[in-house]
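Report on the structure
In case you want the letters, here they are:
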Amino acid sequence: MTEVLERKLGFLNRYITDLGAYAGQDEAARLREHYTIERLLQLLCESAADIALQFLKQDEETLPASYREIFGRLAAKGSMPEPLAKELIAACGMRNVLTHLYDEIDLGRVTAAVEPAVRLYTAFRDWSLNRLAGPKSNTPG
C-alpha cells in the first residue's frame, strides 16, 4: 500500500468514526451539531474522491474533473460495483450543496444522513482495502 493511500485511508477512517459518534443521538442533538455533521459529510466525500483518484492514477487513467466522473469511471471500468459508485455520486451531490450553498440546506436531510453515510463510506473503505489487497490484474490490459 502506498504511503499516500495509507494516509488518505487513515483520514477516511477517522471521519467515519467521528460521524459514527452521532449515530446514537436523537435528532435534536444532531441539529445542535449540524455544522460538525455537515463538515464530516464534506470531508468523507472529499476523502473518498481522493482515494478513488489514487486508484485511477495507478491505472494510468486520465484524471476526471468531477466527483461524478471519478466514481463513474471506476464503475465503468468494472473495478467498482455500480451501486456503490451511484451512492457515492449521490452523497457527493449533497457535499456540493453543503459546500457551495447551491440551495438552502435541509437540516433534516443532513441529520438523517448520518447512518447512511457511515454505512456508505465504510463500504467504500472496505472496497478500497480489498482493491489494495487484491492482485493488480484487476485492471484491463
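The structure under discussion appears in the preceding block.
This report concerns the structure included in the present document. Treat the numbers as computed from the prediction; the structure is a model and nothing was measured.

**Things to note about the overall build of the protein**
Helices and strands together make up the secondary structure of the protein, namely seven helices and zero strands. In the protein, the succession of helices and strands from N to C terminus is α-α-α-α-α-α-α. Burial status across the protein gives 40% buried among its 141 residues. Counting only contacts in the protein whose residues sit at least 6 apart along the sequence, the fraction spanning at least 24 positions is 64%. Of the roughly 7,700 Å² of accessible surface on the protein, a fraction of 51% belongs to carbon and sulfur atoms.

**Description of helix 1 (residues 3–20)**
Helix length check: helix 1 (18 residues) gives 26 Å between terminal C-alpha atoms against 26 Å at 1.5 Å per residue, within 8%. Here helix 1 has its buried residues at Leu5, Lys8, Leu9, Leu12, Tyr15, Ile16 and Leu19. Buried residues of helix 1, viewed axially, fall in a sector of 120°; they line one side. In helix 1, the exposed positions that point more than 90 degrees away from the buried face belong to Glu3 and Thr17. On its buried face, helix 1 sits against helix 3 (34–58) and helix 7 (114–133).

**Looking at the nonpolar core**
Ranked by size, the top nonpolar core spans 39 residues in total, and within it Phe71, Met80, Leu88, Tyr121 and Phe124 carry the most contacts. Contributions of two or more residues to this core are made by helix 1, helix 3, helix 4 (67–76), helix 5 (82–100) and helix 7. The element contributing the most residues to this core is helix 3, with 12 residues.

**What about the state of the cysteines?**
Counted under the stated rule, the structure contains one disulfide. Between the sulfur atoms of cysteine 45 and its disulfide mate cysteine 92 the distance is 2.1 Å. Looking down the S-S bond of the cysteine 45 and cysteine 92 bridge, the torsion is 120°, so its handedness is right-handed. Separated by 47 residues along the polypeptide, cysteine 45 in helix 3 and cysteine 92 in helix 5 bring together distant segments of the chain. As far as burial versus exposure is concerned, cysteine 45 and cysteine 92 are alike and both buried.

**A closer look at the side chain of arginine 30**
In this fold, arginine 30 is placed in helix 2 (residues 27–32). Take arginine 30: its relative accessible area is 7%, and that puts it in the buried class. Within the structure, the side chain of arginine 30 is placed 3.0 Å from the backbone oxygen of alanine 23, a separation counted as a polar contact. Beyond its immediate stretch of four places on either side in the chain, arginine 30 contacts Tyr22, Ala23, Gln25, Ile37, Thr111, Ala112, Val114 and Glu115.

**Quick notes on the packing of aromatic side chains**
What the rule picks out here adds up to four aromatic pairs. Ring centres 6.3 Å apart and planes at 10° place the aromatic pair phenylalanine 11 and tyrosine 15 in the stacked group. Of this pair, phenylalanine 11 and tyrosine 15 both sit in helix 1, four residues apart, which is roughly one turn of that helix. Ring centres of phenylalanine 55 and tryptophan 127 lie 5.3 Å apart, and the angle between their planes is 80°; this geometry places the pair in the edge-to-face category. Of this pair, phenylalanine 55 sits in helix 3 while tryptophan 127 is found in helix 7, placing the two residues 72 residues apart along the sequence.

**Description of the packing of helix 1 against helix 7**
Two numbers describe how helix 1 lies on helix 7: the axes approach to 10 Å, and their chain directions differ by 155°. As the angle between them shows, helix 1 and helix 7 are arranged roughly antiparallel. In this structure, helix 1 meets helix 7 at a crossing whose hand is left-handed. Listed contacts from helix 7 to Leu5, Leu9, Leu12, Asn13, Ile16, Leu19 and Gly20 of helix 1 are Val114, Ala117, Val118, Tyr121, Thr122, Phe124, Arg125, Ser128, Leu129 and Leu132. Residues belonging to the contact of helix 1 with helix 7 are distributed by class as follows: 12 nonpolar, four polar and one charged.

The rules behind each value
- Residues numbered from 1 in each chain as written.
- Predicted model: local features only at pLDDT ≥ 70, side-chain atom pairs only at ≥ 80, totals over all residues.
- Heavy atoms only, no water.
- Helix = DSSP H or I, 4+ residues; strand = E, 2+ residues; numbered from the N terminus.
- Buried < 20%, exposed > 50% of the residue type's maximum accessible area, 1.4 Å probe, protein only.
- Contact = heavy atoms within 4.5 Å.
- Areas by Shrake-Rupley, 256 points an atom, 1.4 Å probe, with all protein chains shown as cover.
- Expected span 1.5 Å × (residues − 1).
- Arc of directions from axis to C-beta.
- Core = buried A, V, L, I, M, F, W, Y, C linked by side-chain atoms within 4.5 Å.
- Disulfide = S-S within 2.5 Å.
- Polar contact = N/O pair within 3.5 Å; in protein donor to acceptor, adjacent residues only side chain to side chain.
- Phe/Tyr/Trp six-rings, centres within 6.5 Å; stacked < 30°, edge-to-face > 60°.
- Axes fitted to C-alpha atoms, helices over the stretch in contact; angles between N-to-C directions.
- Parallel < 35°, antiparallel > 145°, perpendicular 65-115°, else oblique.
- Left-handed = near helix turned anticlockwise from the far one by under 90°.
- Nonpolar A, V, L, I, M, F, W, Y, C, P; charged D, E, K, R; others polar.

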